[in-house]
Amino acid sequence: MTDTDNGSLAHSIDRIVTPSIRLTEVVKDFGPQVRALDGVSLSVYPSEVVTLLGLSGSGKSTLLRLLDGLHLPSSGSVSVLGTDVGAARGRELRALRRQVGFVFQQFHLVGSMSALENVCTGALGSLRGPRFGLPTYPRTVRLAAMEQLDRVGLADKAFQRADTLSGGQQQRVAVARALVQKPRILLADEPVASLDPESSAQVMELISRVAAEDSLTVLCSLHQVELALTWGHRLVGLRGGKVVLDKAVSAIDRSQTMSIYSSVAAAPAPQLV
Ligand SMILES: Nc1ncnc2c1ncn2[C@@H]1O[C@H](COP(=O)(O)OP(=O)(O)OP(=O)(O)O)[C@@H](O)[C@H]1O
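- As recorded in an unreviewed UniProt entry, the protein goes by the name Phosphonate ABC transporter ATP-binding protein, listed as coming from Rhodococcus gannanensis.

1. Focus on the nonpolar core
Piece 1. Core analysis: the biggest nonpolar cluster contains 52 residues, and Leu53, Leu149, Val173, Ile207, Val218, Leu222 and Leu235 have the highest contact counts within it.
Piece 2. Split by domain, the residues of this core number at least three in each of domain 1 (1-99 + 183-273) and domain 2 (108-182).
Piece 3. Those residues within four positions of Val218 in sequence are excluded, and the remaining contacts are Val44, Glu48, Val49, Val50, Leu186, Ile207 and Ala211.
Piece 4. Listed in part, the 27 residues of the second largest apolar core include Leu64, Val78, Val85 and Val100.

2. What about the packing of helix α5 (residues 139-151) against helix α6 (residues 167-180)?
Piece 1. Put simply, α5 and α6 touch, their axes get as near as 9 Å, and they point 135° apart. By the angle between their axes, α5 is oblique relative to α6. By crossing handedness, the relation of α5 to α6 is classed as right-handed. When α5 is examined against α6, the residues Ala144, Ala145, Gln148, Leu149 and Arg151 are found in contact with a partner set consisting of Val173, Ala176, Leu179 and Val180.
Piece 2. In the contact of α5 with α6, the residues fall into seven nonpolar, one polar and one charged.

3. A word on the packing of α6 against helix α7 (residues 197-214)
Piece 1. Where α6 contacts α7, the two axes come as close as 9 Å, and the packing angle between them is 15°. Considering their axes alone, α6 and α7 lie roughly parallel with respect to each other. At the point where α6 passes α7, the crossing takes the right-handed sense. Where α6 abuts α7, its residues Gly168, Gln171, Arg172, Val175 and Leu179 lie against Ser199, Gln202, Val203, Leu206, Ile207, Val210 and Asp214.
Piece 2. Its residues assigned to classes, the contact of α6 with α7 comprises six nonpolar, four polar and two charged.

4. So, a positive patch on the surface
Piece 1. A contiguous patch of positive charge, built from Arg91, Arg94, Arg98 and Arg128, is present on the exposed surface.
Piece 2. Tracing the sequence through the fold places Arg128 in the loop between α4 (115-120) and α5.
Piece 3. Arg128 gets classed as exposed once you look at its relative accessible area, which sits at 79%.

5. So, the environment of Ile260
Piece 1. Structurally, Ile260 is set in helix α9 (residues 258-261).
Piece 2. As for Ile260 and Gln33, which are separated by 227 residues in sequence, their C-alpha atoms are 23 Å apart.
Piece 3. Excluding its chain neighbours within four sequence positions, the residues that come into contact with Ile260 are Leu53, Gly54, Leu235, Gly237, Leu238, Arg239, Val244 and Leu245.

6. Digging into the side chain of Arg234
Piece 1. Along the chain, the position of Arg234 falls in strand β9 (residues 234-239).
Piece 2. Polar side-chain contacts of Arg234 include one of 2.9 Å to the backbone oxygen of Ser43.

Procedures and definitions
- Residues numbered from 1 in each chain as written.
- Predicted model: local features only at pLDDT ≥ 70, side-chain atom pairs only at ≥ 80, totals over all residues.
- Heavy atoms only, no water.
- Core = buried A, V, L, I, M, F, W, Y, C linked by side-chain atoms within 4.5 Å.
- Buried < 20%, exposed > 50% of the residue type's maximum accessible area, 1.4 Å probe, protein only.
- Domains from an automatic or database assignment.
- Contact = heavy atoms within 4.5 Å.
- Axes fitted to C-alpha atoms, helices over the stretch in contact; angles between N-to-C directions.
- Helix = DSSP H or I, 4+ residues; strand = E, 2+ residues; numbered from the N terminus.
- Parallel < 35°, antiparallel > 145°, perpendicular 65-115°, else oblique.
- Left-handed = near helix turned anticlockwise from the far one by under 90°.
- Nonpolar A, V, L, I, M, F, W, Y, C, P; charged D, E, K, R; others polar.
- Patch = residues over 30% accessible without salt bridge, like charges linked within 9 Å, V, L, I, M, F, W, Y side chains within 5 Å.
- Areas by Shrake-Rupley, 256 points an atom, 1.4 Å probe, with all protein chains shown as cover.
- Salt bridge = Lys/Arg side-chain N within 4 Å of Asp/Glu carboxyl O.
- Lys, Arg positive; Asp, Glu negative; His and termini not counted.
- Charge placed at Lys NZ, Arg CZ, Asp CG, Glu CD.
- Polar contact = N/O pair within 3.5 Å; in protein donor to acceptor, adjacent residues only side chain to side chain.

Here it is, written out as structure tokens:
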């Protein structure tokens, strides 16, 4: 067994289960100087929680942004829920994005809005026109938002301004906002990087719990090996834009995670092309 056996096994599994996410030989260049992803092939299956580890600049955010159409691949293909993301435009891309929730390191809440209104904004993709204030959202959306806030343990903070909440609470609001759109996939880009260890564990426990309850496929980038081993089903390591580790957490020997971080000098990140 090698450190990327999951990658080769994926070809066999793909014939039986359709992956929620499939990257095939994806290269992403930013101009002629920077190759952020260098031939990445990866399949993520329904209800899997996969964590992405890698040094700063190894390509984690780039990979996640390709899945939502925020970046286009330079070559190779990116398929999400059966849609070719690189080719999708307009209505098809909007329909795909409604099924993909995104949680960011910096929460991206509107500080002057209440927690509840921030959660309601998660439904904007399926509403017509802009909304100005909580009462302008349909009652069904407000109720669904309240339900998600309750689920993340923050019903009592519903009418509190987002910028008065702690970092951990703000991230839980951001998770509720992603959930209100009823996604099938949840992408999380270093969701706990700005949080203390206790809040980090709470947010990871929350993501893991809602993933199980809603059968979500999760791809989550992290910097902490320990969190990846505790909350993920599978760990994918990126170094210099390449997959260097792809294994079920249950099969990982902790020392293998060093392959993601070792030989830093030899890992050209970013690579010059
Ligand atoms: N929009 C962009 N324009 C130019 N270069 C970019 C852009 N986005 C990312 N890069 C470069 O691509 C490489 C991979 O960046 P990326 O943000 O994906 O890494 P990362 O693993 O998410 O890093 P971090 O852990 O610091 O967030 C880096 O060299 C980065 O500078």
